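So the chains spell out like this:
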Amino acid sequence: MKKTLSVLFSLCLCTAVFTGCNDTNAASFQDGTYKAVYAQADDHGWTEYLTLTVEDGKIVSADFDAENDDGAKKSENTEYNEAMKNAGSKTWPSAFYPALEKSLIEKQDGNGIDAVSGATTSSESLKKLYQALVPNMKKGDTTEVKVNS
């Protein structure tokens, strides 16, 4: 009897390991376009957001950026990007936002993204915004999610 229980327990454990226990498994996502945005702008007036499009249960596109009150994107703000370059920064929005988007699409999991050196805060923001979207993507709820910083 003990041997049978041990075998059953081992099979259950193997099943859990091989199927994964990750709550953010993209295969369980419903198709749609989902958006999470910070409820408040940062100290410089930028509000980061993440928009994901899911098709056939997979993330097929990501738009991660920040906007100001005028609706201008940080990644497209030449003055802001140049200021970061001139300040000796290792990266700037026009480089790190697309890199983070690409990593998210490749990994299919916001928690597994490769952080960008010099953009640690934005890398962590992407993870937080992604986590806020997971419940909606699982349910197919395309209501915009507001995230507190």
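Remember, predicted model here, so these are calculated numbers, not experimental data.

**Q** Looking at this structure, I do not really get the sheet that holds strand β4 (residues 145–147). What am I missing?
**A** Strand pairs in the sheet, formed through backbone hydrogen bonds, run parallel or antiparallel to each other. Strand order in the open sheet made by the four strands is β3-β2-β1-β4, with mixed pairing throughout. This sheet does not close on itself; its edge strands, each paired only once, are β3 (58–67) and β4. Averaged over all pairs of adjacent strands, the angle between strand axes in this sheet comes to 20 degrees, irrespective of strand direction. Of the strand pairs in this sheet, strand β1 (residues 32–38) and strand β2 (residues 47–55) are connected by six bridges, and their pairing is antiparallel. By the bridge assignment, Ala 36 is partnered in β2 with Leu 50.

**Q** Would you mind going over the pairing of β2 with me for this structure?
**A** When a strand is regular, its side chains alternate between the sheet's two faces. For β2, a buried count of eight out of nine residues is recorded, marking the element as mostly surrounded by other parts of the structure. Taken together, the nine bridges between β2 and β3 define a ladder with antiparallel strand orientation. Bridge pairing in β3 links Glu 48 to Ala 66. Joining the antiparallel neighbours β2 and β3 is a turn of two residues, in which Asp 56 adopts a positive phi near 50 degrees.

Scoring rules and cut-offs
- Residues numbered from 1 in each chain as written.
- Predicted model: local features only at pLDDT ≥ 70, side-chain atom pairs only at ≥ 80, totals over all residues.
- Heavy atoms only, no water.
- Pairing = 2+ DSSP bridges.
- Helix = DSSP H or I, 4+ residues; strand = E, 2+ residues; numbered from the N terminus.
- Axes fitted to C-alpha atoms, helices over the stretch in contact; angles between N-to-C directions.
- Buried < 20%, exposed > 50% of the residue type's maximum accessible area, 1.4 Å probe, protein only.

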